[in-house]
Structure formats: structure tokens, C-alpha cells
Amino acid sequence: ETGVTQTPRHLVMGMTNKKSLKCEQHLGHNAMYWYKQSAKKPLELMFVYNFKEQTENNSVPSRFSPECPNSSHLFLHLHTLQPEDSALYLCASSQDSADYYEQYFGPGTRLTVT
Amino acid sequence: AQKVTQAQTEISVVEKEDVTLDCVYETRDTTYYLFWYKQPPSGELVFLIRRNSFDEQNEISGRYSWNFQKSTSSFNFTITASQVVDSAVYFCALHTGFQKLVFGTGTRLLVSP
């Protein structure tokens, strides 16, 4: 595998379900990010991890819970979501979040909350 | 505050036409970077270019070229002799430090045969 991978690619869940999104980067980067992409809205940064430490939580509701066990893996745990949380969730990585490095993105998980 | 504006929501061209995608940014920082990303239907954002605020030289990469003008706070992207495979949503983004990449709303480019 190369680049940034995300699983699953598609997910349908009910509002009472608990699920997790997984992201893995094979680029040797130290920073990882979660973004939310909704229709007709700019990409919204959700969380930033640098060297496994969370350095940014962009006022994200607690029903979204990130986890970064090491620099290569990032999870987004989901519980009691709302229909408005339906979106494309993108994971990205970069060399370091403290500088102006370009970010490399995964293909995203298309989430539908019913 | 940092902001990126891509006023063109959607552009349609016929193959082999040249097309320019506009990007206007706002920031009070003197050090910043500008980026362009391509998002094909598969969903993955593909990095195209990064420019820093101190380098106003235009850049050309194959059929792609970028025009950075600090005087008008613009970083426009031109595709020469467009192809169907260029059909995608293109995002301009601004990074002023503090870990945040601020994206525009994107321009959808449709290239028809």
C-alpha cells in the first residue's frame, strides 16, 4: 500500500450505532488530520495530531472521538450521530503540522447517517 | 482572518480549450503558503502545487501553470489544452501556520469531448 488509505470507503449507520473510521499513512509522516467535507461547504478541519499528540480540536462535537495510537494510524470513533453528520470524511497526513508542508489525502469515507 | 475565495462554482469547456481557475485569498500574515488540490470523482484530494509568499515567480508544469500576484492577492491556475481527464473539483488553499489549511469552496471543472 502506498500513500494514505482509509477504510471503509462507504458506511451507512443509524443514529444509535457506534462505528469507527480508520486511516493509515505509508509516507513516514508525523502529522495526521481529519476533515469533514459536506456538499457546497469548504472542507472543515476537525482534528490534528502531531507526533501522536492531539494539537487541534476545531470545536467538534463529542460524538466524534479521534484516536491516534501511533504516527501511522488515525481513527475516528463515531457514536449517536445525527443525519447532518452525513458527509465525506477525509484523512490527511503531512511531514509535520507545525510547518507549511503539503498534506496528502486519502480517498475518504462516505458516511450516511439514517 | 484567513479566507480563500473561489468565485467560479462550475466551469464547462470543450476539450483542447484553455481554462483559468481563479483564487483570491485574504491574510494579514507576511509569511504564508498557497496550494492547489484536485479532487477527481474518486474523492481523494491530489496535491498539485505549493507556493510561498516570497516567491512570485509563475510556475509551469506540463499543461498546468500558476500565476501568483501578491498585489491582487490572487493565485490563479490555468490548464492549457484541457482534456476530459481534467474534469474534477479544484481547491485553492491557504496556510499561514498554526497548523490550519484554509480551503476555498472549490471550482468544478467539466471538460467535454
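Since this is a predicted model, take the numbers as computed values, not measurements.

Criteria and thresholds
Residues numbered from 1 in each chain as written. Chains lettered and ligands numbered in written order. Predicted model: local features only at pLDDT ≥ 70, side-chain atom pairs only at ≥ 80, totals over all residues. Heavy atoms only, no water. Disulfide = S-S within 2.5 Å. Helix = DSSP H or I, 4+ residues; strand = E, 2+ residues; numbered from the N terminus. Buried < 20%, exposed > 50% of the residue type's maximum accessible area, 1.4 Å probe, protein only. Phe/Tyr/Trp six-rings, centres within 6.5 Å; stacked < 30°, edge-to-face > 60°. Contact = heavy atoms within 4.5 Å. Buried area = accessible area lost by both parts, 1.4 Å probe. Salt bridge = Lys/Arg side-chain N within 4 Å of Asp/Glu carboxyl O. Nonpolar A, V, L, I, M, F, W, Y, C, P; charged D, E, K, R; others polar. Pairing = 2+ DSSP bridges. Polar contact = N/O pair within 3.5 Å; in protein donor to acceptor, adjacent residues only side chain to side chain.

*Asks:* What is the right way to read the state of the cysteines from this model?
*Replies:* Note on terminology: a disulfide is the covalent bond linking the sulfur atoms of two cysteines. Per the stated rule, a full pass over the model turns up two disulfides over all chains. Paired through a disulfide, C23(B) and C92(B) show a sulfur-sulfur distance of 2.0 Å. Measuring handedness by torsion sign, the sulfur bridge of C23(B) and C92(B) sits at about -65 degrees and is left-handed. Residue C23(B) is located in the loop between β3 (19-21) and β4 (24-26), and its partner C92(B) is located in strand β10 (residues 88-95); the two are separated by 69 residues in the primary sequence. For the residue pair C23(B) and C92(B), the accessibility class agrees, reading buried in each case. Left unpaired, C68(A) is separated from the closest cysteine sulfur, that of C91(A), by 9.0 Å.

*Asks:* Would you mind showing me how to read the packing of aromatic side chains here?
*Replies:* Note on aromatic pairs: each is described by the distance of the centres and the angle between the planes. In total, this model carries 20 aromatic pairs over all chains according to the counting rule given. Between W66(B) and F77(B), the ring centres sit 5.0 Å apart and the planes meet at 5 degrees, which makes this aromatic pair stacked. Of this pair, W66(B) sits in strand β8 (residues 64-69) while F77(B) sits in strand β9 (residues 74-79); the two residues are eleven residues apart in sequence, bridging distant segments of the chain. For W66(B), a relative accessible area of 4% gives the class buried. Put simply, the rings of Y33(A), Y35(A), Y104(A), F105(A), F35(B), Y37(B), F47(B), F91(B) and F103(B) touch in pairs and so form one group of aromatic residues.

*Asks:* Would you mind going over the interface of chain A and chain B with me for this structure?
*Replies:* Interface size is often expressed as the accessible area that is lost when the parts come together. Counting residues at the interface gives 23 residues for chain A and 22 residues for chain B. Between chain A and chain B the total buried area reaches about 1,900 Å² when both faces are included, carbon and sulfur atoms providing 56% of it. On the chain A side of the interface with chain B, the three residues burying the most area are Y100(A), E102(A) and F105(A), jointly 36% of the side's total. Salt-bridge contacts for E56(A) lead to K100(B); the nearest nitrogen and oxygen are separated by 3.3 Å. Among the elements of the structure, β4 (31-37), β5 (44-50), β6 (53-57), β9 (87-94) and β10 (104-105) of chain A are those that each provide at least two residues to the side of chain A that touches chain B. Among the elements that take part in the side of chain A that touches chain B, β4(A) stands out by supplying three residues, more than any other. Its residues assigned to classes, the side of chain A that touches chain B shows 13 nonpolar, six polar and four charged.

*Asks:* Before we go on, may I ask you to explain the pairing of strand β8 (residues 73-79) of chain A in this structure?
*Replies:* Where a strand is regular, its side chains alternate between the two sheet faces. Residue and element names in this part refer to chain A. The sheet contact formed by strand β3 (residues 18-25) and β8 spans seven bridges and is antiparallel. Bridge pairing links K22 to F75 in β8. One ladder, built from five bridges, connects strand β7 (residues 64-70) with β8; its direction is antiparallel. Residue pairing across strands places P66 opposite L76, the latter belonging to β8. Joining the antiparallel neighbours β7 and β8 is a turn of two residues.

*Asks:* Explain the pairing of strand β2 (residues 10-14) of chain B to me, please; I cannot follow it from the model alone.
*Replies:* Residue and element names in this part refer to chain B. Across the two faces of β2 the burial differs, with I11 and V13 buried and E10, S12 and V14 not buried at all. Bridge count between β2 and strand β12 (residues 107-112): five bridges; the pairing is parallel. Note on β12: the bridge partner recorded for S12 is L110.

*Asks:* What should I look at first to understand the side chain of Q6(B) in this one?
*Replies:* All names here are of chain B. Following the sequence through the fold, Q6 ends up in the loop between β1 (3-5) and β2. Among the polar contacts listed, one links the side chain of Q6 to the backbone oxygen of Y90, at a separation of 3.0 Å. One polar contact links the side chain of Q6 to the main-chain amide nitrogen of C92, over a distance of 3.0 Å. Other than its neighbours up to four places away in sequence, Q6 contacts D22, W36, Y90, F91, C92, G104, T105, G106 and T107.

Function cannot be inferred from these measures alone, as they are strictly geometric.
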